[in-house]
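Fold and geometry: a report
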Amino acid sequence: MKILIAEDEFSLQQSIAIYLEKEGNVCEVASDFNEASYKISLYDYDIVILDLNLLTGSGIDILKQLKKKQGANTAVIIISANNSLDDKLEGLDLGADDYLTKPFHLAELNSRVKAILRRQMFGGGAIVVFNEIKIDTDGHVVTVGEKEIVLTKKEYDLLLFFVTNKNRVLSKEIIAEHLWGDNSDLIDNFDFIYVHVNNLRKKLTKEGAKYIKTAYGSGYKFIED
């Protein structure tokens, strides 16, 4: 999933990003309040990992900004050295999904990220089913009917993005931003998205590919046939 890490301690920020990227996520970082505020105003994220004590501002104000953003469905995990009950209650009352006190193990943070994604996107389970298509999000295994389909990492991420955004037109820009994060700003054109979609259609065979529709002039839409 696409995750923003708003943390001003560089070593911790990078450790979190590296760990979560190894788990298959796309991670972006913000090192102070202004950068975090700018990014959440411009982009959508599945999860924001938010330090309360950011340079140049408060993480609480970032949380308030996120919750006011129209159409946003971003989960928030607060990470903070503050262990007081009042701080925890304030963050949770404002809409944060979880609160983790520093120092913490990266494996625990990863488990909490997975738990939130299962609750919000997959109905609490690790298996996503759409008609003939079944996606095991823990094992990264995809089957169509009873046949296992071997996908590249980007093809897998693209399929999961389609399924969790069914009936919504996804532009090439949105797809690129989701799959490549900050690096999508360096891309001159989005022709390669067509290549990834075409390869995914071929691997899904007729049974699975029929759900990926081209929205001409806009992008793609994953819908019931």
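Residues numbered from 1 in each chain as written. Predicted model: local features only at pLDDT ≥ 70, side-chain atom pairs only at ≥ 80, totals over all residues. Heavy atoms only, no water.

Turning our eyes to something else, we now look at the side chain of serine 171. Within the element layout of this structure, serine 171 appears in strand 10 (residues 169-171). At a separation of 3.1 Å, a polar atom in the side chain of serine 171 contacts the main-chain amide nitrogen of isoleucine 174. With residues up to four places along the chain from it excluded, the contact list for serine 171 reads Ser218 and Gly219. (Helix = DSSP H or I, 4+ residues; strand = E, 2+ residues; numbered from the N terminus. Polar contact = N/O pair within 3.5 Å; in protein donor to acceptor, adjacent residues only side chain to side chain. Contact = heavy atoms within 4.5 Å.)

What follows covers the packing of aromatic side chains. According to the stated counting rule, one finds five aromatic pairs in the structure shown. Cluster of aromatic residues (ring-pair linked, three or more members): Phe130, Phe162, Tyr211, Tyr220 and Phe222. Lying over the aromatic face of tyrosine 45, lysine 2 brings its terminal NZ or CZ to 4.9 Å of the ring centre. (Phe/Tyr/Trp six-rings, centres within 6.5 Å; stacked < 30°, edge-to-face > 60°. Lys NZ or Arg CZ within 6 Å of the ring centre and 35° of its normal.)

Next up on the list: the nonpolar core. Of all hydrophobic cores here, the largest spans 48 residues; its most connected members are Ile49, Leu159 and Phe162. Sorting elements by how many residues they give to this core places helix 6 (residues 153-163) first, with seven residues. Looking at this core, you find at least three residues from each of domain 1 (2-122) and domain 2 (127-222). When sequence neighbours within four positions are dropped, the list of residues in contact with phenylalanine 162 reads Leu170, Ile175, Val197, Leu200, Ile212, Tyr220 and Phe222. Counting residues in each nonpolar core, the second largest holds 20 residues, with Ala30, Leu50, Ile60 and Leu63 among its members. (Core = buried A, V, L, I, M, F, W, Y, C linked by side-chain atoms within 4.5 Å. Buried < 20%, exposed > 50% of the residue type's maximum accessible area, 1.4 Å probe, protein only. Domains from an automatic or database assignment.)

In the contact formed by helix 6 and helix 7 (residues 172-180), the axes pass within 10 Å of each other and the chain directions differ by 125°. Here helix 6 is positioned oblique relative to helix 7, judged by the angle of their axes. Once helix 6 is placed against helix 7, the crossing between them reads as right-handed. Where helix 6 abuts helix 7, its residues Lys154, Asp157, Leu158, Phe161 and Phe162 lie against Ile174, Ile175, His178, Leu179 and Trp180. Across the contact of helix 6 with helix 7, the residue classes tally to seven nonpolar, one polar and two charged. (Axes fitted to C-alpha atoms, helices over the stretch in contact; angles between N-to-C directions. Parallel < 35°, antiparallel > 145°, perpendicular 65-115°, else oblique. Left-handed = near helix turned anticlockwise from the far one by under 90°. Nonpolar A, V, L, I, M, F, W, Y, C, P; charged D, E, K, R; others polar.)

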